[in-house]
Amino acid sequence: MENRGNENFCPDLIEILNGVPHGIALVDQDLRIIMMNRFLEALTGYSGEEVRGIYCDHVLRTGFGRNVQVFRQSLDSGVACSIEGDILGLNREKIPMRFTATPVVERTGGRQALVLVLEDIADCQKTGGKKEAGTAKGLLGHSPKMQEIFELLPVLAHTDSSVLITGETGTGKDILAEAVHLASRRSKYPFIKVNCGALPESLLESELFGHVRGAFTGAHADKHGMFQLAQGGTIFLTEIGDLPLPLQVKLLTVLDDREFFPLGSQKKVRVDVRLITGTHRDLKQLVEVGRFREDLFFRLNVLRVHLPPLRERDGDVRLLIDYFLQMFAASFKKNVKKLSSRALRLLGGYRYPGNVRELRNIIEYGVNICRGEVIDIEHLPPYVLADAGTPPRTAAEAVAPGSPLSGGPDEELPDNAVSWSSIEKRKILTALMQTGGSRTGAAKALGWGRTTLWRKMREYDLG
Amino acid sequence: MKILATLQNNDIAPRFDLATEILIASIVRGKISGEPRTVLLPGPGSDALCSLIIKEEVSLVICGGIEESHFQYLVWKKIEVIDRVIGPAPRAIELAIAKQLRPGGIVRTESTRSARL
């Protein structure tokens, strides 16, 4: 059989490598990228074309440095080798990897190259590897509301229909989306997360759908969009309520036709990607005020999951406290073993406006501050102490006059507040007044990030 | 304002947590003022580097890969971070001053660009 064009790496070879659910790169003798498959493009966020000729450690962001001795030895000896390390992925996550380097030699010309295969070993490294009851890849909970979610997870995983995840900030929408992906048949392919609220419209379009060289000033090379990088896998569009209207139209087209035009391109690109979206906003309400397309809403709202706020998850606070305590104590190499009864009572009665993320931060703070074995209330963040004495569970209870420990943002909660949102709005205003209008100070007092405060101020028209 | 770039030789270091050298440039009226300062760090480490960035009152950080927690920390401290940048640090700083550098940007010098063409 005639072997045509084997002096070049032909497109067919790339197509074959694109079908492999591991990252693969071909590098030259100086460890510069010659090509990489789509899986690795998704992991790194760069297209193979744009990084051709660049040192692989810059592209892969490994912890090895430029002169990886084992890779060089492999090139010199012609013997394959394997080494464990990590890379920093597109989502700024450190991913443990097994690198297998195999030397190859061109049939004509005799040039040497190295095939690098990157295999994600995060699962193997997790101690025990056992799946606890009531968990799903990072989601923890024994409460009836969370059990309903866990029961729903296999159903969500075994279909390709769009999923819409709603829930307050910090409830774990990202984790649930990734859990659905990992439990699905697409788990060996990329999971790509894009925050629709983080980029301006022009950049977001290029980020999602890619562009061709010359599409706009600064577009020096073709660049794949996230939809292409997620080929075969799942794309998670978080804060979908912030997606600009023109892009909503384009997204709808992609969902219907499974194909789109990258920016500046006249060639359609076909993709096989599962879509999961998340938002803390009420999309139905956005539809009513004309800020979200109704047809897209119906298209996204095929399977809907609502993650309950922590204050509605009976019994989960204690479970999560124990989990985070063990995690941070091991991580910081501290001898902290438990929380005192007073601290547990205080945390059991706290309302957690920032939900699980806030609880995690509180425990991280406590483990850092505590010098002994038991975290007591003085080791907890001051704003939690300021909140003490305000029962958490019902709105009626929650509006009871404020804390005996003065100075916190809840000090002047109104007696006639009737809903969580009105209480939250009041808390924001109080915190702002107490900090002289400083958003940074108010965010700190409330235990939120500045962006959370900014988003909530927008939500309540306080901006 | 001050711009800080993580260094590996003359390029942006691929990893924030492993950078042992940094370049600090002071910008006055849209131009680099004086000679940019190269600082050798005692060792790699994201926490120490974040502390240095705060201490030096840096406004913009240009780096390669950075972990989400440190990225969020710097953003929370009102420091702009342009990450996943590849290429020579001095040119990256020039592009950042001209507002032409974005996350994931690949900076090529004229010589490398013409070599590719």
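Residues numbered from 1 in each chain as written. Chains lettered and ligands numbered in written order. Predicted model: local features only at pLDDT ≥ 70, side-chain atom pairs only at ≥ 80, totals over all residues. Heavy atoms only, no water.

Engineer: Residues and numbers for the overall build of chain B, please.
Structural biologist: Within chain B, the regular secondary structure consists of four helices and six strands. N-terminal to C-terminal, the α/β element order of chain B is β-β-β-β-α-β-α-β-α-α. The 117 residues of chain B split such that 48% are buried. Of the contacts formed within chain B by residues at least 6 apart in sequence, a portion of 45% connects residues at least 24 apart. Counting every atom, chain B has about 5,800 Å² of accessible surface; 52% of that belongs to carbon and sulfur. (Helix = DSSP H or I, 4+ residues; strand = E, 2+ residues; numbered from the N terminus. Buried < 20%, exposed > 50% of the residue type's maximum accessible area, 1.4 Å probe, protein only. Contact = heavy atoms within 4.5 Å. Areas by Shrake-Rupley, 256 points an atom, 1.4 Å probe, with all protein chains shown as cover.)

Engineer: Go over the nonpolar core with me, naming the residues and quoting the values.
Structural biologist: Residues and elements named next belong to chain A. Residues Ile235 and Ile240 are the most contacted members of the largest nonpolar core, which totals 34 residues. At the level of elements, β9 (191–195), α8 (201–209), α9 (226–229), β10 (234–238), α10 (245–257), α11 (283–288) and α12 (294–300) are the ones that each hand at least two residues to this core. Ranked by residues supplied to this core, first place goes to α10 with five residues. With residues up to four places along the chain from it excluded, the contact list for Ile240 reads Leu164, Cys196, Leu251, Thr277, Gly278, Thr279, Leu283, Phe292 and Leu300. Formed by 26 residues, the second largest nonpolar core is a distinct cluster that contains Ala25, Ile33, Phe71 and Leu116. (Core = buried A, V, L, I, M, F, W, Y, C linked by side-chain atoms within 4.5 Å.)

Engineer: Kindly report on the interface of chain A and chain B, identifying the contributing residues and their values.
Structural biologist: Facing 29 residues of chain A, the contacting portion of chain B comprises 27 residues. At the boundary of chain A with chain B, total buried surface from both sides reaches about 2,500 Å², with 48% on carbon and sulfur atoms. The three residues of chain A that bury the most area against chain B are His58, Arg92 and Arg450 of chain A, which together make up 27% of that side's buried surface. In this assembly, chain A and chain B are joined by six salt bridges. Here Lys94 of chain A makes a salt bridge to Glu67 of chain B, at a shortest N to O gap of 3.5 Å. The interface formed by chain A and chain B holds 10 residue pairs in polar contact (both at pLDDT 80 or more) in total. Among the secondary structure elements, those contributing two or more residues to the side of chain A that touches chain B are α3 (56–60), β3 (81–88) and α8 of chain A. (Buried area = accessible area lost by both parts, 1.4 Å probe. Salt bridge = Lys/Arg side-chain N within 4 Å of Asp/Glu carboxyl O. Polar contact = N/O pair within 3.5 Å; in protein donor to acceptor, adjacent residues only side chain to side chain.)

Engineer: I'd like a description of the packing of aromatic side chains, backed by residues and values.
Structural biologist: Each pair of aromatic rings is reported with the distance of its centres and the angle of its planes. Counting across every chain of the model gives 12 aromatic pairs over all chains. Pairing Phe191 of chain A with Phe236 of chain A gives two aromatic rings, centres 6.3 Å apart and planes at 20°, and the pair type is stacked. Here Phe191 of chain A, found in strand β9, pairs with Phe236 of chain A, found in strand β10; they are 45 residues apart in sequence, far enough to count as distant. An identical accessibility class is assigned to Phe191 of chain A and Phe236 of chain A; each is buried. With 5.6 Å between their ring centres and 20° between their planes, Phe328 of chain A and Phe332 of chain A make a pair best called stacked. Phe332 of chain A sits in the partly exposed class, given a relative accessible area of 28%. The rings of Tyr323, Phe324, Phe328 and Phe332 of chain A are connected pair by pair, giving a single aromatic cluster. Over the ring of Tyr55 of chain A we find Arg32 of chain A; its NZ or CZ atom is 4.3 Å from the centre of that ring. Across from the ring centre of Phe71 of chain B, 3.5 Å away, lies the NZ or CZ of Arg92 of chain A, which sits over that ring. (Phe/Tyr/Trp six-rings, centres within 6.5 Å; stacked < 30°, edge-to-face > 60°. Lys NZ or Arg CZ within 6 Å of the ring centre and 35° of its normal.)

Engineer: Break down a nonpolar patch on the surface for me, with residues and values.
Structural biologist: On the surface, Ile54, Tyr73 and Trp76 of chain B cluster together into a nonpolar patch covering about 230 Å² of accessible area. Note that Tyr73 of chain B resides in helix α2 (residues 68–76). (Patch = residues over 30% accessible without salt bridge, like charges linked within 9 Å, V, L, I, M, F, W, Y side chains within 5 Å.)

Engineer: Could you give an account of the pairing of strand β4 (residues 31–40) of chain B, with specific residues and numbers?
Structural biologist: Side-chain direction in a regular strand flips from residue to residue, so the side chains alternate between the two faces of the sheet. Residues and elements named next belong to chain B. Pairing analysis gives seven bridges linking strand β3 (residues 21–28) to β4, with the strands arranged antiparallel. In the strand pairing of β4, Val28 is matched with Lys31. If you look at the hairpin formed by β3 and β4, you'll find two residues sitting between the two strands, and Arg29 has a positive phi there, around 50°. (Pairing = 2+ DSSP bridges.)

Engineer: Quick one: what's the story with the side chain of Asn18 of chain A, residue by residue and with numbers?
Structural biologist: Secondary-structure assignment places Asn18 of chain A in helix α1 (residues 11–18). Contacts of Asn18 of chain A, omitting those with residues within four sequence positions, involve Asn37 and Arg38 of chain A.

Engineer: Which residues make up unusual backbone geometry, and what values do they have?
Structural biologist: Positive phi values are uncommon outside glycine, yet Arg92 of chain A reaches one of about 60°. Examined against the element boundaries, Arg92 of chain A turns out to sit in the loop between β3 and β4 (94–105). Phi is positive for Arg84 of chain B, which is not a glycine, with a value near 60°. Here Arg84 of chain B is to be found in the loop between β6 (80–82) and α3 (89–97).

Engineer: Just give me the short version of the pattern of salt bridges, but keep the residues and values in it.
Structural biologist: Residues and elements named next belong to chain A. Considering all chains together, one arrives at 30 salt bridges over all chains under this definition. With its nearest N and O atoms 3.0 Å apart, the salt bridge here joins Arg299 to Asp256. Placement of Arg299 in helix α12 and of Asp256 in helix α10 is noted, with a sequence separation of 43 residues between them. With a closest N to O distance of 3.5 Å, Lys337 and Glu373 form a salt bridge.

Engineer: Explain the sheet that holds strand β1 (residues 23–27) of chain A residue by residue, including any values.
Structural biologist: In a beta sheet, neighbouring strands are held together by backbone hydrogen bonds and run either parallel or antiparallel to one another. Residue and element names in this part refer to chain A. One open sheet holds the five strands; their spatial order is β2-β1-β5-β4-β3, and the pairing between them is antiparallel. At either end of the open sheet lies a strand with only one pairing partner, and these are β2 (33–36) and β3. Along the sheet, successive strands turn relative to each other by an average axial angle of 30°, direction set aside. Note that β1 and strand β5 (residues 112–120) share five bridges and pair antiparallel. Looking at the pairing, Leu26 lines up with Val115 of β5. Along the sheet, helix α4 (residues 69–77) contacts β3, β4 and β5; its crossing angle with β5, the most-contacted strand, is approximately 135°. (Axes fitted to C-alpha atoms, helices over the stretch in contact; angles between N-to-C directions.)

Engineer: Quick one: what's the story with the packing of helix α13 (residues 316–331) of chain A against helix α15 (residues 355–369) of chain A, residue by residue and with numbers?
Structural biologist: Residue and element names in this part refer to chain A. Direction vectors running N to C along α13 and α15 enclose 45°, while the axes themselves pass 9 Å from each other. Comparing their axes, α15 and α13 come out oblique. The element α13 and its partner α15 pack so that their crossing is right-handed. Taking contact as the criterion, the partners of Val317, Leu320, Ile321, Phe324, Leu325, Met327, Phe328 and Ala329 in α13 are, on α15, Val356, Leu359, Arg360, Ile363, Glu364 and Val367. (Parallel < 35°, antiparallel > 145°, perpendicular 65-115°, else oblique. Left-handed = near helix turned anticlockwise from the far one by under 90°.)

Engineer: So, the environment of Ala386 of chain A: which residues are in play, and what are the values?
Structural biologist: Inspection of the secondary structure assignment puts Ala386 of chain A in helix α16 (residues 382–386). Judged by relative accessible area, Ala386 of chain A falls into the buried class, the value being 10%.

Engineer: Give me the lowdown on α8 of chain A, citing residues and values where you can.
Structural biologist: Those residues of α8 of chain A not exposed but buried are Leu204, Glu205, Ser206, Glu207, Leu208 and Phe209 of chain A. Close packing links the buried residues of α8 of chain A with β9, α9, β10, α10 and β11 (259–260) of chain A.

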